[in-house]
Structure formats: C-alpha cells, structure tokens
Amino acid sequence: MRSTTTRGVLWEVIAPVLRWPMRSPFRFFSVVVGIVFVIWLIAQWSDAPDAEPAAQPERGSASAQQSASASGSPAPVPDPTPLATKFVTAWARPDLTTDEWWAGINAARPDESLAQALGSTDPATVPATKVVGPAKVLEQTDGEARVEVTTDGPKVIVYLTLVDNVWYVANILPGG
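An account of the accompanying structure is given in this report.

Pairing analysis gives four bridges linking strand S1 (residues 136-140) to strand S2 (residues 144-149), with the strands arranged antiparallel. Paired with Gln140 across the two strands is Ala145, which belongs to S2. By the bridge criterion, six bridges tie S2 to strand S3 (residues 156-163) in an arrangement that is antiparallel. Directly across from Val147, in S3, lies its bridge partner Val158.

Following this line, the structure appears as structure tokens:
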C-alpha cells in the first residue's frame, strides 16, 4: 500500500529524477558537468562589479552648489595644472631634509605606485630648485592628463589620473 502523505508523494516525484543520472556513466558525468557549469556561471555573474553610488556632497559646500545648479549634468573636470605645479614645487626642493621633502610630496597627492618609486629618492639629487614658469597641459582625456612644468632645471612632465573628480599624480618624468 502506498503512502499518501506529503513526504511519500514528494519522494515518488523526486526519486525518478535522482535515479535517471545513475542509469549510465555518461548521464552521471553529463549531469555533474552541467551542475559545475551552472555554478561557474552564477559565480561569474555574482563577481560582476556593482555600480557604487556617488558620494553625496555636504550641504552648503561648493560642490553641492555646483551639482544643484548643474541639475543632473556631470561635474566639470577640474584643471590638472594646479596639482602638477604643486607637486613639482614640492619635488624641486633639494634643500629640505628627507622628512620635510616627503611631507610636501605627500601633500601633493601622489598615487601609491609613485610614492613607492620615489621611496629611495634623496632630495639632494633632485635637479631643480623651483618652478619658474606656468604649467602647460600637453594632453588630457577624461581620466588622465600630461602636464609640462618648467623649472630652473629640466622641464618636468607630470602624469595625472582622475579618480572621483580628483586629480592624483601618477608619475613624473624630469627632463621631459
């Protein structure tokens, strides 16, 4: 006599589905490969980067007023020349101690890779002592800029990257 409980009815439906792959090695391996493939697809789909919402500016700040007046248009890209000039001004200080020199460099927002590259620099070996001319943008795209800064030594090319509408110094090429 057959059981009419929910558990018995459910087993009568599921049992044939579970037994089907066991009837041949080909079916079994096909089901295993299919399950692994589905799991891989789900993992790939879930690893997709999520869009992060933009940070809301504080009330009364200049960026809040700009975004309110722009009414939905993207914020204008800031000029990269002030940061390039600030960085080269901090870099071209061979008269400073290493700690003072690093304080100026860090205030000019170098990215991590540039900070590591400059890690062994002795400020006394810097071939310039001051900025003598205005910075000039040589090339600028949506997220990068190349700016030339004239010093009393060689001209310096500063490479910048734009992250969240803020410029960071990515590289510096003296004698450029």
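Another point: the sheet that holds S1. With respect to topology, four strands assemble into an open sheet ordered S1-S2-S3-S4, the strand pairing being antiparallel. The two strands at the open ends of the sheet, each matched to only one other strand, are S1 and strand S4 (166-174). Averaged over all pairs of adjacent strands, the angle between their axes in this sheet comes to 25°, without regard to strand direction. Where S3 lies against S4, eight bridges are found, and the strand directions are antiparallel. From the neighbouring strand, Leu162 faces S4, where its bridge partner is Trp167. Taken strand by strand, helix H4 (residues 81-91) contacts S1, S2, S3 and S4, and its axis lies near 50° from that of S4.

So, how was this worked out
- Residues numbered from 1 in each chain as written.
- Predicted model: local features only at pLDDT ≥ 70, side-chain atom pairs only at ≥ 80, totals over all residues.
- Heavy atoms only, no water.
- Pairing = 2+ DSSP bridges.
- Helix = DSSP H or I, 4+ residues; strand = E, 2+ residues; numbered from the N terminus.
- Axes fitted to C-alpha atoms, helices over the stretch in contact; angles between N-to-C directions.
- Contact = heavy atoms within 4.5 Å.

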